[in-house]
Every structure is written in structure tokens, then in C-alpha cells.
Amino acid sequence: MDKKDCFNLGKITKPVGLKGEVVFFLDVDEPSYYASLDSVFVEVKNHLVPYFIESIRINGNKATVRFEGINREESLALIGCELYLPLELLPKLTGKKFYFHEIIGFRVVDSQKGDIGTVASVIDFPAQPLFQITNNGTEILLPIIDQLIDDVDRANKTISVTAPNGLIDIYLKN
């Protein structure tokens, strides 16, 4: 499995007890969705290695997990490793909700300026993520906030926005 075909589920943060259990920090919106996982990919030395789950107990955004055939010493080596699952296991989103990876290449249409460019990437700042939009070699940055996003049209690969007055002009003035 390649990392590009997966999403980051979270991280192994610490050991639990003496039987080799570990704690996952689940960096997802709905941790309970993953309560019946039977396996996960663990990134070990830049490779995704499948691990099968014997038991999993979720409490908030943390899960206590016991891997099949792993003892305490082997589990200690996994502390700090990132967790991945195949993209097809992501819950489907509808409406104005989206995953950052799915909107790359979408056209962005502003209610006043019209088509302002294509989403090149999402800059995931801790305070607030930003659309990084390219328009004929010019970069436009727009905050990703509910009040700005009017619609996400997956079929036509467009995102309709209403940017604050003057924000887009800052980028497009020569």
C-alpha cells in the first residue's frame, strides 16, 4: 500500500499495561466510526506495514488497541508511529463538508468575481486552514470557513464561495 492511497488516521502515542497494548490518538472527526477496525497500516521507517487488531476500545479521540501477535517490547518500538488507512475507508461526506485531499483540482467560483482559479493545495495552519488557489501563475489564499463556502459541487468539481470584499482583489492586482 502506498501512502498516497491512504489517509492519516492518527498516531500511536504510548504503551498501556504489560500485555503490549498501545494508545492511538485518532485525529479524525468521528472516532467511533473506527471502533470495529480489524487492521491498520503503521508507518515504520517510511514504509506502511499492516498490523491486525485483536481488540480496540475507543474513548473520545483515543483508542486502546492490542495488535495480534505483538508483545510489550515489540509494541514499544511502535510508539510515535503514524497510522494510516486506505482512502476508501473514509466516511463519505456530503454538502459543504469535504476532505482536503478530495478538493485538489477543483475550480473555485466567487459569487462576485466568478472563476478565480483552481485549488492547488490546502495549507493546514493550526489556527485556520487556507485554500491555496492558482490563477494564471498567481497564488490566492482564502480561509476555509463555513461562512465563506456556499457550495461544494463534487460532480462538476467546483467550490462556490463568497469572499470578503476586496480580498481577491489584493491578489489579482498587478
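Whatever comes next refers back to the structure up there.
The rules behind these values
Residues numbered from 1 in each chain as written. Predicted model: local features only at pLDDT ≥ 70, side-chain atom pairs only at ≥ 80, totals over all residues. Heavy atoms only, no water. Helix = DSSP H or I, 4+ residues; strand = E, 2+ residues; numbered from the N terminus. Buried < 20%, exposed > 50% of the residue type's maximum accessible area, 1.4 Å probe, protein only. Contact = heavy atoms within 4.5 Å. Pairing = 2+ DSSP bridges. Core = buried A, V, L, I, M, F, W, Y, C linked by side-chain atoms within 4.5 Å.

1. Re the environment of Asp-124
So, point 1. Its location among the elements puts Asp-124 in strand S8 (residues 114-124).
So, point 2. Residue classification places Asp-124 among the exposed residues on the basis of a relative accessible area of 56%.
So, point 3. A C-alpha to C-alpha distance of 8.9 Å links Asp-124 and Phe-100, two positions 24 residues apart in sequence.
So, point 4. When sequence neighbours within four positions are dropped, the list of residues in contact with Asp-124 reads Phe-100 and Pro-129.

2. Comments concerning the environment of Tyr-51
So, point 1. Mapped onto the secondary structure, Tyr-51 falls in strand S4 (residues 47-59).
So, point 2. In this structure, the C-alpha to C-alpha distance between Tyr-51 and Gly-137, residues 86 residues apart in sequence, is 44 Å.
So, point 3. Among residues more than four places away in sequence, those in contact with Tyr-51 are Asp-38, Ser-39, Val-40, Val-42, Val-44, Phe-67, Ile-70 and Leu-78.

3. A closer look at the pairing of strand S2 (residues 21-26)
So, point 1. Most of S2 is tucked away: five of the six residues are buried.
So, point 2. One ladder, built from six bridges, connects strand S1 (residues 6-16) with S2; its direction is antiparallel. In the sheet register, Pro-15 faces S2, and the bridge partner there is Val-22.
So, point 3. Here S1 folds back onto S2, and the loop between the two strands holds four residues, one of which, Gly-17, carries a positive phi near 65°.

4. With respect to the nonpolar core
So, point 1. Judged by nonpolar contacts, the single largest core of 23 residues is most densely connected at Leu-9, Phe-24, Val-40, Val-42 and Phe-67.
So, point 2. Of all the secondary structure elements, the ones that give two or more residues to this core are S1, S2, strand S3 (39-44), S4, strand S5 (62-67) and strand S6 (82-86).
So, point 3. In terms of nonpolar packing, the next biggest core, distinct from the first, is built from 19 residues, Ile-103, Val-122, Phe-131 and Leu-148 among them.

5. As for the environment of Tyr-99
So, point 1. Position of Tyr-99 relative to the elements: it lies in the loop between S6 and strand S7 (107-110).
So, point 2. Dropping the residues within four chain positions of it, Tyr-99 is found in contact with Leu-90, Pro-91 and Leu-93.

6. Let's talk about unusual backbone geometry
So, point 1. Phi is positive for Lys-45, which is not a glycine, with a value near 50°.
So, point 2. By secondary structure assignment, the location of Lys-45 is in the loop between S3 and S4.
So, point 3. You will see that Lys-157, though not glycine, has its phi angle at about 50°, which is positive.
So, point 4. Relative to the helices and strands, Lys-157 is located in the loop between strand S11 (149-153) and strand S12 (158-161).

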